[in-house]
Each structure stands twice: as C-alpha cells, then as structure tokens.
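Descriptive structure summary
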Amino acid sequence: MKSKVSMTSTSLSYKARLNSIDALRGLAALTVVFYHARPMFWVGLGEIWKQYGLSININSWSGYATAPLYFGGLAVYLFFIISGYCIHRRGAQQLISDSKASLNLKQYAIRRIWRIYPTYIVALLITALVDVYVRTYYPIEVNSGQSNSLFTFIMSLLALPGLAAPYFGSNTVFWTLAVEIHFYIVYPILFYISRKHGAVKTLALTFAISLIYISGDFLLNLSDLFPYRGSGNPIFLPFLFTWTFGFYLAEVEVGRAALPKRYCLIAALGVIIVLIASLFGLSSLVAFSSTLPLGGLLYWSIKPQGNRFWGCQLGSLFTKVGLFSYSLYAIHRPILLFIKVSVAPFGERFITLIPALSASSLAVLVAWFFFLLVEKRTLKPIA
C-alpha cells in the first residue's frame, strides 16, 4: 500500500539542519535589500571614481567595497535553490523509506497556498498604498509603465504577471513570487518523475528544458513574446533547472542521489561562465550557470561543517533574519521607496553609503514587525 507524504511532519535531525538554511535565507535576503537600496540612495561607482579616484577617503573606499554587489541579483537564484530543497526534503525522506510513496496533493496545495498567499496579498496592498502616496506627492519617482489596477492585482494572485498583465506597481520582486508559484505547481510532476525514474533523470530533464529555452530565447528572442515582461522573466522555464537542483540536493541528502566527487571543479566552471555571461549581458545564462556554485554553497551548508560555520555569531544573525526573510523580501521595495521619497523627494542620491545602509536597516526592522503581524501566522499548518 502506498504511503502518503506528510507535508507537516519532520524529523529532529531535519529541524536541526534548518538553522543553516535559515542563515542562507537571511544572507540572501539582506543581499537583495542592499542590492536594491544601493542604487536608490547612492551616486554609484562611476561618480565616486570621478570625484575621488584612488585617493584615501571613507566614501570612496567603502563604495568600492560594495562592487561585488554587481552580482547581488544572484541571491534570487539562491532563493530558488533553497525553495526546491525545502519543498522536497520531506518528500525525499519519504521516498528513501518507501519507493512507492505518493504525494498528498490536497495537503500539499493547502499548505503552499496558506504559506505564500497571505504574505503575498498584504505585500501587494502595501505596494499599492505606497504607490498611491508616491504618485500623489512625488511623481518624479513613478515608473510610467507600472500598474496598480484591480486586473493587474488579480493576475498577480494567479501568477500571471508578465504574461497576461503588467507587474503590479513598483515592487519589482513580484516576478519572482509568480515564478515561485509556478514551481509549486510543477513540483508534483517532478516528484512523480523522480519516484519512477530517479533524481538524476529528473535533474537531467530540467537541465535540458532550461537550456533549450535559454538557447531559444537567445536565438529567437522568445522573451519578445511577453509584452509585459518587466524586470524579470514571467515564465519559470529558464529557472527550472535552478529550482530542481535544490530538489536534487534534497535527494542527495537522503542518499537517493549523489554529487560528482570533484564537484568543486564543476562549481568553479559555473563561476567562470557566470562572469563571462555577465560581461555579455546574458542574464538567463547567468542564472543557469550560477546554479552550480550556489547549489554547492547550499550543499556545504547542510553538511556538519556548514552547520558549524553558520552557528557562529554572524551566522546566528543571518539565521534570525532568515526566519522572516520572506516578509523582508516581499515588502522591502515599497519600504525603501517610501524612505527614498521622504529623504530625497527630488530624486537626489548621496555620496555616502550611510543613507542606503540606514534605509536597509529600517526596512529590516519594518519587515520584522510585518512578519509578526502577518507571516508568522502562516508558519502554523492548517491541514
């Protein structure tokens, strides 16, 4: 008789390992926040170089130190990998115990809807309020292409922004939340493929799908078919391999799959491809190739040495932020925009990074209260 995968039960060992995953979430969330705050409040590397060059100045050298944030967007792909790992880790554990285990689709759907939608809906509403405020008093900061219509709101809830409507308002991270919902829909298919054919073939299939889409986009400009593409890709296909790699790592963890012995060399190759693809502006290839090193980071983090590392004081701080990383990710953009128009109503930017750091810190604080009021309630299963 086939057993049903429980989406609420977990082992004590799995709970202990979640600390390192929360630390990664916290690191990724803080990276994204400052990645967005930096260009909103700071004049940028070009202006700093123009004014200071290599002269000894706190504003110049602190600014130069943030140059790696050029790759800050990679934190989004780390979120995708973490998501694939966390969604499947219990399913992988069940499959290693019972190769014929099946997924409780009703329970899975209820849990995913309850986990993502309350926070998502309130984030949409907060974005709308901030956008109305900015549009009324600070129109200089309004993007002419943004939409706060009821239709766009509904399309966002249906995970169709960029496909059937523009993205909602000024909150540019919403494209990733829509793609995340696409992954949730696809997961049961990946589960059953892995159960029948194994994790390696599942990963190989998604590798081929993502690579074919990325190649087609490069050769045929498939992205032009999406009139509302906005700041991100409205469809999950180019990121399917990335998300499934996290899925695969959950299989590796329980022993249903393995990584190559010299995976560090493969990850290094991924880094090289990321750097080259970045030079040519090939964003989809950047996401695809970053899967290898970012996946390695996650795999290292769930191993004993990684857990010990994230158990240090700095890691503990990231872990605490990781607890409310979804809230922080979902609402930091409208918070930053509200702060920006309050301190720089005419769009001015600052020579020092202090405003960007202060705004980021305030966004973290507000997101914590948002977590307590909204997201925390969704952590308790309702089925």
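The structure presented is a predicted model; accordingly, all values stated were derived computationally and were not measured.

Conventions and cut-offs
Residues numbered from 1 in each chain as written. Predicted model: local features only at pLDDT ≥ 70, side-chain atom pairs only at ≥ 80, totals over all residues. Heavy atoms only, no water. Helix = DSSP H or I, 4+ residues; strand = E, 2+ residues; numbered from the N terminus. Rg over C-alpha atoms; globule rule 2.2 N^0.38 Å. Buried < 20%, exposed > 50% of the residue type's maximum accessible area, 1.4 Å probe, protein only. Contact = heavy atoms within 4.5 Å. Areas by Shrake-Rupley, 256 points an atom, 1.4 Å probe, with all protein chains shown as cover. Phe/Tyr/Trp six-rings, centres within 6.5 Å; stacked < 30°, edge-to-face > 60°. Lys NZ or Arg CZ within 6 Å of the ring centre and 35° of its normal. Patch = residues over 30% accessible without salt bridge, like charges linked within 9 Å, V, L, I, M, F, W, Y side chains within 5 Å. Salt bridge = Lys/Arg side-chain N within 4 Å of Asp/Glu carboxyl O. pLDDT = per-residue confidence, 0-100. Axes fitted to C-alpha atoms, helices over the stretch in contact; angles between N-to-C directions. Parallel < 35°, antiparallel > 145°, perpendicular 65-115°, else oblique. Left-handed = near helix turned anticlockwise from the far one by under 90°. Nonpolar A, V, L, I, M, F, W, Y, C, P; charged D, E, K, R; others polar.

**Considerations on the overall build of the protein**
- Summing up its helical and strand segments, the protein has 15 helices and two strands in all.
- Against the globule reference of 21 Å for 383 residues, the protein gives a C-alpha radius of gyration of 21 Å, in line with a compact fold.
- Each principal axis of the C-alpha atoms in the protein carries an extent, and together these give about 65 × 50 × 45 Å.
- For the protein, the proportion of its 383 residues judged to be buried stands at 52%.
- For the protein, the proportion of contacts with a sequence separation of at least 24, taken over those separated by at least 6, is 81%.
- Summed over its atoms, the accessible surface of the protein is roughly 17,900 Å², and 69% of this surface lies on carbon and sulfur atoms.

**Considering the environment of F245**
- Inspection of the secondary structure puts F245 in helix α9 (residues 240–254).
- For the pair F245 and F207, spaced 38 residues apart in sequence, the C-alpha separation works out to 9.0 Å.
- The contact partners of F245, leaving out residues within four places of it in the chain, are L203, L259, Y263, T291 and G295.

**A few points about the packing of aromatic side chains**
- Summed over all chains, the structure comprises 35 aromatic pairs.
- With a centroid separation of 6.4 Å and an interplanar angle of 75°, the aromatic rings of F183 and F236 are classed as edge-to-face. Here F183 is found in helix α7 (residues 174–197), whereas its partner F236 is found in the loop between α8 (199–220) and α9, with 53 residues between them in sequence. In terms of burial, F183 and F236 fall into one category: buried.
- For the ring pair F207 and F241, a centre distance of 5.2 Å and an interplane angle of 85° mean the geometry is edge-to-face. Taken as a pair, F207 in helix α8 and F241 in helix α9 lie far apart in primary sequence, 34 residues in all.
- The exposure class of F241 is buried, given its relative accessible area of 5%.
- The rings of Y77, F80, Y108, W175, F183, Y187, F191, Y192, F236, F239, W243 and F247 are connected pair by pair, giving a single aromatic cluster.
- Here R112 stacks its cationic end above the ring of Y184, 5.1 Å away from the centre of that ring.

**Examining a nonpolar patch on the surface**
- Residues L362, L365, V366, W368, F369 and L372 make up a contiguous nonpolar surface patch of about 490 Å² in total accessible area.
- Here F369 shows up in helix α15 (residues 354–373).
- Judged by relative accessible area, which is 47%, F369 ranks as partly exposed.

**Regarding the environment of Y228**
- Tracing the chain through its elements places Y228 in the loop between α8 and α9.
- Measuring from C-alpha to C-alpha, the distance between Y228 and G311 comes to 43 Å, with 83 residues separating the pair along the chain.
- Those residues in contact with Y228 that sit more than four places away from it in its chain are G162, L163, A164, A165, P166 and Y167.

**Some details on unusual backbone geometry**
- A positive phi angle, near 60°, is found at A159, a position not held by glycine.
- Its location among the elements puts A159 in the loop between α6 (150–157) and α7.
- A residue is classified by how much of its surface remains accessible, and A159, at 3% relative accessible area, is buried.
- For N221, which is not a glycine, the phi torsion comes out positive at approximately 55°.
- Summarising the element assignment, N221 is placed in the loop between α8 and α9.

**Observations regarding the pattern of salt bridges**
- On inspection of all chains with the given rule, the structure shows three salt bridges.
- Between E251 and R256 there is a salt bridge; the shortest N-O distance is 2.5 Å.

**What about the side chain of T319?**
- Here T319 shows up in helix α13 (residues 313–323).
- A residue is classified by how much of its surface remains accessible, and T319, at 12% relative accessible area, is buried.

**Description of the environment of I354**
- By secondary structure assignment, the location of I354 is in helix α15.
- Its relative accessible area of 55% is what places I354 among the exposed residues.

**Examining the confidence of the model for the protein**
- Looking at the protein as a whole, its pLDDT mean stands at 91, while 93% of the residues score no less than 70.
- Model confidence for the protein, summarised as mean pLDDT per element, is weakest for strand β1 (residues 4–5) at 46 and strongest for α15 at 98.

**Description of the packing of helix α4 (residues 74–97) against α7**
- Where α4 meets α7, the closest approach of the two axes is 11 Å, and the angle between their N-to-C directions is 30°. Taken together, the axes of α4 and α7 lie roughly parallel to each other. Crossing of α4 against α7: the hand is right-handed. Mapping the contact onto sequence places V76, F80, S83, I87, H88, G91 and L95 in α4 and W175, T176, V179, E180, F183, Y184, Y187, F191 and R195 in α7.
- Looking at the contact of α4 with α7, its residues break down into 10 nonpolar, four polar and two charged.

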